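Listed below, chain by chain, are the residues.
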Amino acid sequence: MTVLSIKVSDISKSFKTYNRDPGLKGAFKSFFNRKYTNFHALKNINLNIDEGEILGILGENGAGKTTLIKLMVGLLHPTAGNIKVNDYTPWNRNYDFLKMITVVMGQKNQLWWDIPASESFLLNKRIYQIDDNIYNQILNEMVELLDVKDKLHTQVRRLSLGERMKMEIIASLLHRPKIIMLDEPTLGLDVISQSKIREFVKYYNEQYNATFIITSHYMNDIESMCKRVFVMNKGKGLYDGNFLNLIKKINPTKKLIYTFDKNPSNETINDLRNEFDFKLENNMLIAHLDDQILNNLLKKLFEMSNSQSFSIEDLPVEETMRSFFENPKNYL
Amino acid sequence: MFAWFKKYSSILRASIITALEYKANSIVGLFAILTGLFIEYLIWSMVYASENAAYTIDGWTFNRLIAYIFLSMIIGQLKSSWVTAHEMIMQIRQGFMNQYIVKPISFFSYHLMNFIGTNILFYIPYTILIIIAPIIFKDLIFINFIQIPFFILAVIMSIYLSYSIYFFMVCFAFWFGEVRALLAAYNISMFVLAGQIIPLDFFPKYYQNIIDYTPIPYLIKFPVDIAMALEVNLYQWITSMLIGILWCIIMRSLSGIVYNIGIRRYEAYGS
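Now for a description of the structure that goes with this document. (Residues numbered from 1 in each chain as written. Chains lettered and ligands numbered in written order. Predicted model: local features only at pLDDT ≥ 70, side-chain atom pairs only at ≥ 80, totals over all residues.)

Overview of the overall build of chain B
Across its full length, chain B holds 12 helices and 0 strands. Written out in order from the N terminus, the α and β elements of chain B read α-α-α-α-α-α-α-α-α-α-α-α. Over its C-alpha trace chain B gives a radius of gyration of 20 Å, about what one expects of a compact globule, namely 18 Å for 271 residues. The dimensions of chain B, computed from C-alpha atoms along their principal axes, are 65 × 45 × 35 Å. Residues classed as buried in chain B amount to 34% of the 271 residues present. Put simply, 84% of the contacts in chain B that link residues at least 6 apart link residues at least 24 apart. (Helix = DSSP H or I, 4+ residues; strand = E, 2+ residues; numbered from the N terminus. Rg over C-alpha atoms; globule rule 2.2 N^0.38 Å. Buried ≥ 20, exposed ≤ 12 C-beta atoms within 10 Å, placed from the backbone. Contact = placed C-beta atoms within 7 Å.)

Digging into the interface of chain A and chain B
Counting residues at the interface gives 31 residues for chain A, matched by 23 residues for chain B. Counting residues per element, the ones that place at least two in the side of chain A that touches chain B are α2 (65–73), α3 (95–100), β5 (101–105) and α4 (117–127) of chain A. Ranked by residue count, the leading element in the side of chain A that touches chain B is α4 of chain A, at 5 residues. The class makeup of the residues in the side of chain A that touches chain B is 15 nonpolar, 7 polar and 9 charged. (Nonpolar A, V, L, I, M, F, W, Y, C, P; charged D, E, K, R; others polar.)

Some thoughts on the environment of isoleucine 165 of chain B
All names here are of chain B. Secondary-structure assignment places isoleucine 165 in helix α7 (residues 147–170). Between the C-alpha atoms of isoleucine 165 and cysteine 248, which are 83 residues apart in sequence, the distance is 8.8 Å. With near-sequence residues (within four places) excluded, isoleucine 165 lies in contact with Pro215 and Met251.

Description of the nonpolar core
Counting 136 residues, the largest nonpolar core has Met72, Ile170, Met181 and Ile213 of chain A together with Leu71, Leu161 and Val170 of chain B as its most contacted members. Element by element, the count of residues in this core is highest for α7 of chain B, at 14 residues. In contact with methionine 72 of chain A, other than residues within four places in its own chain, are Ile6, Ile83, Pro90, Met181 and Ile213 of chain A. Judged by nonpolar contacts, the second largest core, of 7 residues, contains Leu256, Ala287, Leu297 and Leu301 of chain A. (Core = buried A, V, L, I, M, F, W, Y, C linked by C-beta atoms within 7 Å.)

What to know about the sheet that holds strand β10 (residues 253–260) of chain A
Residues and elements named next belong to chain A. The strand order across the open sheet built from 4 strands is β11-β12-β10-β13, with neighbouring strands paired in antiparallel fashion. On the outer flanks of this sheet lie β11 (279–281) and β13 (307–314), each paired with one strand and no other. Across the sheet, the mean angle separating the axes of adjacent strands is 20 degrees when strand polarity is ignored. Along the sheet, helix α11 (residues 291–304) contacts β10, β12 (284–290) and β13; its crossing angle with β12, the most-contacted strand, is approximately 150 degrees. (Pairing = 2+ DSSP bridges. Axes fitted to C-alpha atoms, helices over the stretch in contact; angles between N-to-C directions.)

A look at the pairing of strand β8 (residues 228–233) of chain A
Regular strands show a simple pattern: their side chains alternate between the two faces of the sheet. Residue and element names in this part refer to chain A. One ladder, built from 4 bridges, connects strand β3 (residues 54–58) with β8; its direction is parallel. The residue of β8 that forms the bridge with glycine 56 is valine 229. Here β8 runs beside strand β9 (residues 236–242); their pairing, made up of 6 bridges, is antiparallel. The residue of β9 that forms the bridge with valine 231 is tyrosine 239. Two successive antiparallel strands, β8 and β9, enclose a turn made up of 2 residues, where lysine 234 displays a positive phi of approximately 45 degrees.

This is the structure in structure tokens:
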């Protein structure tokens, strides 16, 4: 059996756009004299993805994440460069390639709005030529996992956003694709639905060794699903590697909260201040320090005092990534 | 072939189910054609009323003209895929086409099936109207039984040809974004130029000569001519049918070429 691989080589994509002044005057002016410019959405992106990986694509709005996904599924033709999914070029839209992939995009639904999701599933069954037994087996498995069995025969327009997204995912996976691209799969969903979808992705990946490519603005999504991330900024690739390593690289500090059993003496505090940077609130010491320094502080605290309690925390991922995107050059 | 049929018949099925969801729209749609027919009847009855019973315009008696209009309106309605064409333009412009091109289906055939499925409810009353037409328009429509299969084939050809022409125009949305004005211009001109509201015999001879070199006569005139022929002319019908099929192939190929070039410019807007 061929091992699946995706190779993105020097991909660039530009869009022709134009700006116009606001108002009616601007509209008339633009009608007669429109000045076009090229917007470079992607600039020389290189990326290799292996079978069974869950890759998270990170970046701010307009970084080029969705454009990259659209190129990988063949929705767009590149301005330069190439993509190969095994031997297929996505934008040639070979039917065998299309049977191998699927894409779920937050706002572009494939379900028919006026009829129950079960009818759209039947349609996909015919389009992908899925055998009856396999179809029933996959459908039963997924409706159970995503907990939407009782909504199968409800009109799509009457479903909640979360139920609709789950149905979208089921419709996309009925033909058991090997490559699954999810663009903001948890956007606008409540925490229970978000976690259900995350668990489902992990299950599906382990069970079928499917390759997932996911974009999300929720760092919790990325943290819980993706070991590897590809970080983009203004159309360029900034980082390709392990997500936790990136977090450590951006913010190597940890937070220590140490509660003294009784108020510490001034002498103890002054002694500690000579070596470490921390805040003191009543009998609680709070410090943000690198691993090694934090260990030294903790060692010293144990020598000098008794603790009522203490904890060591990583900084929230959301916060870390926010400071990264504010100025990525500082960290890479 | 069987897999192809199963694939596209399922789109037809889903379209029929969708059409049945909206009862009021379907019922109003069934009677929409009768309004146009009634208006034309009133206009022409006023034109002919001032003359004697044997009065003809370019050889057309009142009854024959009404029979023509009756058939041309039904065929015009059956072949009219402008609603589907508008949807396709919106899908190209707003990026909703994404859902089709990532699937192993043809955008052309998908929407053809969708168009037929949505309109299939109208086919039932129109078929009934055509069945009772020879009784109302005695000795004017379907004088010979052999006309019926040829008429059905000619109507199917008209539907396919008309859809291919619309699809060809829709593809220009890849370049210009909005091309509904082009469709509107085509619709209005076809009402007259294809003979949907008056027979082409009323037009000057030079116009008729020109349109013989275009696919236009195969949209309305050809099927109506078969239904209203006073004598069977198999040789002419088969020849015209072959030319019509050739036009279908030409328009389908042209639209395919324009689509394949245009899709490279598709920008898949939105996420």
